Amino acid sequence: EQRHFATGNYSGPARVSGSAGTGKTVVALHRAVYLAKNNPDSRVLLSTFSDTLANALRAKLRTLIHNQPMLGEQIEVYAMNVIGERLHNANIGKVRIASSDVIHSLLVESAVKVNRRSFSHHFLTTEWDQVVDAWQLDSWEAYRDVSRLGRKTRLPEDRKQILWAIFEQVKSALKAEGLTTYAGMFNKLAEHHATSQRSPFDFIVVDEAQDVDIPQLKFLAALSGNRPNSLFFAGD
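Residues numbered from 1 in each chain as written. Predicted model: local features only at pLDDT ≥ 70, side-chain atom pairs only at ≥ 80, totals over all residues. Heavy atoms only, no water.

A short note on the packing of helix α9 (residues 182-195) against helix α10 (residues 214-224)
Note the cut-off: The convention used is that axes are lines fitted to C-alpha atoms, helices contributing only their stretch in contact, and that angles between N-to-C directions extend from 0 to 180 degrees. Per the convention used, a helix needs a DSSP run of H or I reaching at least four residues, while a strand needs a run of E reaching at least two, with both numbered from the N terminus. Just so you know how the angles are binned, under 35 degrees is roughly parallel, over 145 roughly antiparallel, 65 to 115 roughly perpendicular, and the rest oblique. What makes a crossing left-handed is the near helix being turned counterclockwise from the far one by less than a right angle; a clockwise turn instead makes it right-handed. We call two residues contacting when some pair of their heavy atoms lies within 4.5 Å. Each residue gets one label: Ala, Val, Leu, Ile, Met, Phe, Trp, Tyr, Cys and Pro are nonpolar, Asp, Glu, Lys and Arg are charged, and the others, such as Gly, are polar.
The interhelical angle for the contact between α9 and α10, taken along N-to-C directions, is 20°, at an axis separation of 8 Å. In terms of orientation, α9 and α10 fall into the roughly parallel class. Handedness of the crossing formed by α9 with α10: left-handed. Across the interface between the two elements, A183, F186, N187, L189, A190, H193 and A194 of α9 pack against P215, Q216, K218, F219, A222 and L223 of α10. Looking at the contact of α9 with α10, its residues break down into nine nonpolar, three polar and one charged.

With respect to the side chain of S110
In plain terms, the rule: Each residue is placed in one exposure class: buried if its accessible area under a 1.4 Å probe, protein chains only, is under 20% of its type's maximum, exposed if it is over 50%, and partly exposed if it falls in between.
Structurally, the position occupied by S110 is in helix α5 (residues 100-113). By relative accessible area, S110 is classed as buried at 5%. In this structure S110 touches I166, Q169 and V170, once residues within four positions along its chain are discounted.

Looking at the packing of aromatic side chains
What counts is decided by this rule: Between the rings of Phe, Tyr and Trp (Trp by its six-membered ring), a pair exists once the centres lie within 6.5 Å; its type follows the angle of the planes, with under 30 degrees stacked, over 60 edge-to-face, and the other angles tilted.
Tallied over the entire structure, the rule returns six aromatic pairs. Between Y10 and F232, the aromatic rings sit 5.9 Å apart at their centres with planes inclined by 50°, giving tilted as the arrangement. One end of the pair, Y10, is in the loop between α1 (2-6) and β1 (14-17); the other, F232, is in strand β5 (residues 231-235), with 222 residues separating them in the sequence. An angle of 45° between the planes, with centres 6.0 Å apart, marks the rings of W128 and F167 as tilted. With W128 in helix α6 (residues 121-132) and F167 in helix α8 (residues 157-176), this residue pair connects regions lying 39 residues apart in the sequence. Of the two residues, W128 and F167, neither departs from the other in class, the shared state being buried.

A closer look at the environment of S17
One can find S17 in strand β1. Under the relative-accessibility criterion, S17 is labelled partly exposed at 46%. Remark: the alpha-carbon pair of S17 and F233, spanning 216 residues in sequence, is separated by 8.1 Å. Not counting the four nearest positions on each side in its chain, S17 is found in contact with K24, G235 and D236.

Looking at the environment of G150
Topologically, G150 is positioned in the loop between α7 (140-145) and α8. As for G150 and K24, which are separated by 126 residues in sequence, their C-alpha atoms are 26 Å apart.

What to know about the packing of α6 against α8
The geometry of α6 relative to α8 is characterised by a closest axis approach of 12 Å and an angle of 70° between their N-to-C directions. The angle between α6 and α8 falls in the class roughly perpendicular. When α6 is examined against α8, the residues F123, L124, E127, W128 and V132 are found in contact with a partner set consisting of L163, W164, I166, F167, V170, K171 and L174. Classifying every residue of the contact of α6 with α8 gives ten nonpolar, no polar and two charged.

Brief notes about the pattern of salt bridges
Under the convention used in this document: Here a salt bridge means any side-chain nitrogen of Lys or Arg lying within 4 Å of a carboxyl oxygen belonging to Asp or Glu.
For the coordinates displayed, the defined rule picks out six salt bridges. The partner of K24 in a salt bridge is D236, and the shortest N-O contact between them spans 3.0 Å. A residue pair is termed long-range when its members are at least 10 positions apart, and K24 in helix α2 (residues 24-38) and D236 in the segment after β5 qualify at 212 residues. Under the relative-accessibility criterion, K24 is labelled buried at 9%.

Spelled out as structure tokens, the structure:
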């Protein structure tokens, strides 16, 4: 069954899912090698959530192709944020990512300036991370009308207006400092590669795909171009 998934022919994006320990990473590794072996001139990106997991994938890949080392020249293994930064720096310009501490400080400062402390720091942070920054909302109308999927707290419009006043100040402060977030970086990359004539990768294989967020999905969609076999997910 694993071999069937790893060597399958897919007309568009494909996803293999299963619980922990069912062999999804094995499928992802063999999928990347299969694509490289059967497409000698291709470039394959094997990506995952974190640097630690990427290092583990590299070690397993070396074991898998030890008798065919030339395949390693076709396959690049990176954590998602790392490949995002590399592509942004190479194609758009040097990117400066705001740390989570900077974002949190700006949220607190902006809430004080708006003179509204009725929202907890946790709520402000998660609303920023999961809604405003994730969807790259850039106007009051966009925030007012967005579907806050997965957010348990319902917000009347007057509360949303207060929140947007806070978030707007955060966005202005980031812009003034020349900073962006990972979500902003991936959004820029998605726009760039949506109009680019040539993707740097012919095939993309993503392990631990359940941890891929909205901006990263947009980026992967633009990078893959919806070509046959170009995008393969493995995750819980």
